[in-house]
Amino acid sequence: MRDISYIFLFLALIAEIVGTIGGFGSSVFFVPVANFYFDFYSVLGLTALFHLSSNLSKIFLFRKGLDKKLLVNIGIPSVVFVIIGGFLSKYLDSRYLEIFLGVFLVVFSLYFLIKSKVIVLPNKKNAVIGGTLSGFSAGLLGTGGAIRGLTMAAFNLEKSVFIATSAFIDFMIDFSRTFVYYQNGYIQGDLLTYVPFLFVIGLVGSYIGKKILVYIPQTKFRVISLVLILLIGLVTIGQLVIKHDVL
């Protein structure tokens, strides 16, 4: 049986708190952290399991902000493409996909930070494109929250709407990909040791994040989300350079 790393669990709690504040979930921080402790495929399995409890907590805490129209327009393509991405994860080299994801996040978050008055209309076309990209990324790389967060930050949604809708979509994604990852053999017995701890962390981290959000004005929320996404993109690129020397 694998020894429990309490440093890893503490970092998972921080990822959950920051992910709640940013509005796009913990996986964008959890995946880079977990990559230092587990192999890539184990990280995919752990992330899906962790997110189930994490997103259930957010759905409960922010349920009044749920936007049903966005849920359908982003959620359905997300679920379809997370399944496709999950199956393809067995066959594609993730390194180059991760570097593309990192560059994508850096470029677009910088654009919306510099062009702060630009708002992407939350119409069906833009929502479907964002859902497709985030779902495919989640299935293939373990994290699609940053892309979905970038989409919803561009829509300039009120923070409770942002978080509740994103969490519900994320839950649909995680529920779908858990079965795919299990079939692929990514969820092994020794990983299950962490599940009870991560379940509690998902609840506690979401609660703490919600309490902190009370003190963050709506005008600052979009900027915070975009800055966090920019940092995620930079960390993704940096981590790949360190681990794989891809540049």
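Cut-off values and rules
Residues numbered from 1 in each chain as written. Predicted model: local features only at pLDDT ≥ 70, side-chain atom pairs only at ≥ 80, totals over all residues. Heavy atoms only, no water. Core = buried A, V, L, I, M, F, W, Y, C linked by side-chain atoms within 4.5 Å. Buried < 20%, exposed > 50% of the residue type's maximum accessible area, 1.4 Å probe, protein only. Salt bridge = Lys/Arg side-chain N within 4 Å of Asp/Glu carboxyl O. Helix = DSSP H or I, 4+ residues; strand = E, 2+ residues; numbered from the N terminus. Expected span 1.5 Å × (residues − 1). Arc of directions from axis to C-beta. Phe/Tyr/Trp six-rings, centres within 6.5 Å; stacked < 30°, edge-to-face > 60°. Lys NZ or Arg CZ within 6 Å of the ring centre and 35° of its normal. Polar contact = N/O pair within 3.5 Å; in protein donor to acceptor, adjacent residues only side chain to side chain. Contact = heavy atoms within 4.5 Å. Patch = residues over 30% accessible without salt bridge, like charges linked within 9 Å, V, L, I, M, F, W, Y side chains within 5 Å. Areas by Shrake-Rupley, 256 points an atom, 1.4 Å probe, with all protein chains shown as cover. pLDDT = per-residue confidence, 0-100.

### Focus: the nonpolar core
Here is step 1 of the chain: Within the largest apolar cluster, 54 residues are counted, with the highest numbers of intra-cluster contacts made by F8, F30, F38, L46 and L198.
Here is step 2 of the chain: Counting residues in hydrophobic clusters, the runner-up holds six residues, among them A48, Y181, Y186 and I187.

### Brief notes about the pattern of salt bridges
Here is step 1 of the chain: Tallied over the entire structure, the rule returns one salt bridge.
Here is step 2 of the chain: Between K58 and E16 there is a salt bridge, with its nearest N and O atoms 2.4 Å apart. Taken together, the residues K58 in helix α3 (residues 40-61) and E16 in helix α1 (residues 6-22) connect sequence positions 42 residues apart. The pair K58 / E16 is uniform in exposure class, with both members buried.

### Description of helix α9 (residues 195-213)
Here is step 1 of the chain: Between its first and last C-alpha atoms α9 spans 27 Å; for 19 residues at 1.5 Å apiece the expected length is 27 Å, and the two agree.
Here is step 2 of the chain: For α9, the complete set of buried residues consists of L198, I201, G202, G205, S206, G209 and L213. Seen along its axis, α9 keeps its buried residues to an arc of 125 degrees; they face one direction.

### What about the packing of aromatic side chains?
Here is step 1 of the chain: For the structure shown, the criterion picks out eight aromatic pairs.
Here is step 2 of the chain: Arranged with centres 5.6 Å apart and planes meeting at 50 degrees, the rings of F8 and F30 form a pair that is tilted. With F8 in helix α1 and F30 in helix α2 (residues 27-34), this residue pair connects regions lying 22 residues apart in the sequence.
Here is step 3 of the chain: With a relative accessible area of 0%, F8 lands in the buried category.
Here is step 4 of the chain: Taking 5.4 Å as the distance between ring centres and 85 degrees as the angle between the ring planes, the aromatic pair formed by F8 and Y194 counts as edge-to-face. One end of the pair, F8, is in helix α1; the other, Y194, is in the loop between α8 (159-184) and α9, with 186 residues separating them in the sequence.
Here is step 5 of the chain: Through a chain of ring-to-ring contacts, the aromatic side chains of F8, F30, Y37, F38, F50 and Y194 assemble into a single cluster.
Here is step 6 of the chain: Above the face of the F62 ring, K210 is positioned so that its terminal group lies 5.6 Å from the ring centre.

### Looking at the side chain of S54
Here is step 1 of the chain: Looking at where S54 falls in the secondary structure, it is placed in helix α3.
Here is step 2 of the chain: On the basis of relative accessibility, which here comes to 0%, the residue S54 falls in the buried class.
Here is step 3 of the chain: Reaching out from S54, the side chain makes a polar contact with the side chain of K58 at a distance of 2.8 Å.
Here is step 4 of the chain: If we skip the residues at most four places from it in the chain, S54 touches E16, S26, G202 and S206.

### As for a nonpolar patch on the surface
Here is step 1 of the chain: Among the surface-exposed residues, V72, I76, V80, I84, L88, Y91 and L92 lie close enough to one another that they form a single nonpolar patch of about 630 Å² accessible area.
Here is step 2 of the chain: The topology assignment puts V80 in helix α4 (residues 68-88).
Here is step 3 of the chain: Among the residues examined, V80 registers a relative accessible area of 43% and is labelled partly exposed.

### Quick look at the confidence of the model for the protein chain
Here is step 1 of the chain: Summing up the model confidence of the protein chain, the mean pLDDT is 80 and the portion of residues at 70 or higher is 93%.
Here is step 2 of the chain: Across the protein chain, the element-wise mean pLDDT spans from 72 in helix α7 (residues 145-154) up to 88 in α9.

### Here's the deal with the environment of L157
Here is step 1 of the chain: With respect to the secondary-structure elements, L157 resides in the loop between α7 and α8.
Here is step 2 of the chain: A relative accessible area of 12% places L157 in the buried class.
Here is step 3 of the chain: As for L157 and L11, which are separated by 146 residues in sequence, their C-alpha atoms are 28 Å apart.
Here is step 4 of the chain: In contact with L157, not counting residues within four places along its chain, are L70, M152, F162 and Q218.

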